[in-house]
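Here are the chains, one letter per residue:
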Amino acid sequence: MNRTTRVFLCLTLGVLLIAGLVLAGCGPKDTGKVEEVDEQGESGITPAPIKIGTLATQDSLALWVAEEKGHFAEVGLADVEIITFQSAQEIQSAFTAGAVNAVMTDVIVAANLQASGTQVLIPTVMLGADISQGRFAVVGAPGTSFGSMADLKGIPVGSASPTITEYVLDTLMDEAGVVASDVKKEEIKKMPVRYQLLMSGQIKAASLPEPFVSLAEQDGAYVVPGGDDTRAKVNISQTILAVNAEYAGSSGGGAAMAAVLKAMDHAVDDINADPNSFRGTLVEKAGLPAPLASTYQVPTYPKAAPPAPEDLQRVLDWMAAHGYLNAEVTPEELLGL
């Protein structure tokens, strides 16, 4: 294990596992003695400023609530900025350029960054720690009547490559016994456009995330039986926090990341106590559509913990099979093991 990984893991575990853990020996040798974690979970190391990039989606609710409720300040993080980007491409470019230190993203993006030479670590799942969280679904257009995912054999389904919606589609079709050569895809990268084409009947089905799934159902579409990833055989979709490994490996960066995870845990406690009370935050921050502003069921969120290696491996195997990786990436690299 290299020093970058060792520093990051020690600091993170100091926050997540035992409030009284002694962190001496986790930092670089020339930083001197590191103080014990006090009862507030602060390490004695001054956290570095941190910028976190995100998209306007429900996956980042814990970050916004931590900011809204003052939890970052509570854990000693004085300089944190959450920056919302308009597209996955923008957020990936900002991370590569060093404009942000961490990003809300998915395993596919994190693996591509790692394969392209930008070293990342995944300290936590933000949404999707278990199958019930973070629904993606294959939705049938109004007026269609697909009775199962197998009925979509040979039917073009709106998706985008290489993205989590394509991975969800492929995995659910495989679970339905449809061979890869019979899975047909209509490339539509912009999610709002994909939604509009579905609802107008210009495509017969589409792979969508929430809240587009709920909006489609409210407007006459339906989830194809077998097409809901919260009812799949394995945990398919996960949103994760990806952190620049060099930043995490510095004493200040490691302290900042540990503080972020602790503040997010406080926010998760707030959310899970009454999820729907934060619907207004999603309207403001994530652009929750007006028709859902009073009805959307806000999900519960997981406490900070990294994804399971087997969940990462399934995504990596799928990426390799589709030629989406230009270098080998392992779960151990992404988890710093």
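To start, this report covers the structure provided alongside it. The written sequence of each chain sets the order in which its residues are numbered from 1. Confidence filtering applies because this is a predicted model: local features only for residues at pLDDT of at least 70, side-chain atom pairs given and counted only at 80 or more, and all residues used for totals across whole chains, interfaces and linings. The basis for every side-chain value is the complete set of heavy atoms in the structure, and neither hydrogens nor water enter the calculation.

## Considering the sheet that holds strand 10 (residues 239-244)
Here is step 1 of the chain: Pairing between two strands requires that DSSP report at least two bridges joining them. Put simply, DSSP marks the helices as runs of H or I at least four residues long and the strands as runs of E at least two long, and each gets a number from the N terminus on. The five strands are arranged 2-1-3-10-4 in an open sheet whose pairing can be described as mixed. What marks the edges here is a single partner per strand, and that holds for strand 2 (80-85) and strand 4 (120-127). When the angles between neighbouring strand axes are averaged without regard to direction, this sheet yields 30°.
Here is step 2 of the chain: When checking whether two residues touch, look at their non-hydrogen atoms; a contact exists if any pair is within 4.5 Å. Working convention: axes come from line fits to C-alpha atoms, limited for helices to the stretch in contact. Angles between N-to-C directions cover 0 to 180 degrees. In this fold helix 2 (residues 61-68) packs onto strand 1 (50-55), strand 2 and strand 4, with an angle of close to 140° to the strand it touches most, strand 2.

## Here's the deal with the environment of Asp182
Here is step 1 of the chain: Inspection of the secondary structure puts Asp182 in the loop between helix 6 (164-175) and strand 7 (185-187).
Here is step 2 of the chain: For the pair formed by Asp182 and Lys153, sequence separation is 29 residues and the distance between their alpha carbons is 5.5 Å.

## Notes on unusual backbone geometry
Here is step 1 of the chain: The omega torsion of the bond from Ser161 to Pro162 falls at -15°, within 30 degrees of zero and hence cis.
Here is step 2 of the chain: Secondary-structure assignment places Pro162 in the loop between strand 6 (157-159) and helix 6.
Here is step 3 of the chain: Geometrically, the link from Glu210 to Pro211 is a cis peptide bond, its omega value of 5° lying close to zero.
Here is step 4 of the chain: In this fold, Pro211 is placed in the loop between strand 8 (205-209) and helix 8 (212-218).

## Points about the pattern of salt bridges
Here is step 1 of the chain: The term salt bridge refers to a pairing of a side-chain nitrogen on Lys or Arg with a carboxyl oxygen on Asp or Glu at a separation within 4 Å. Enumeration according to the criterion identifies nine salt bridges in this entry.
Here is step 2 of the chain: Its salt-bridge partner being Lys185, residue Asp170 comes within 2.9 Å of it at the nearest N-O pair. Of this pair, Asp170 sits in helix 6 while Lys185 sits in strand 7; the two residues are 15 residues apart in sequence, bridging distant segments of the chain.

Distances and angles like these do not, on their own, reveal function.
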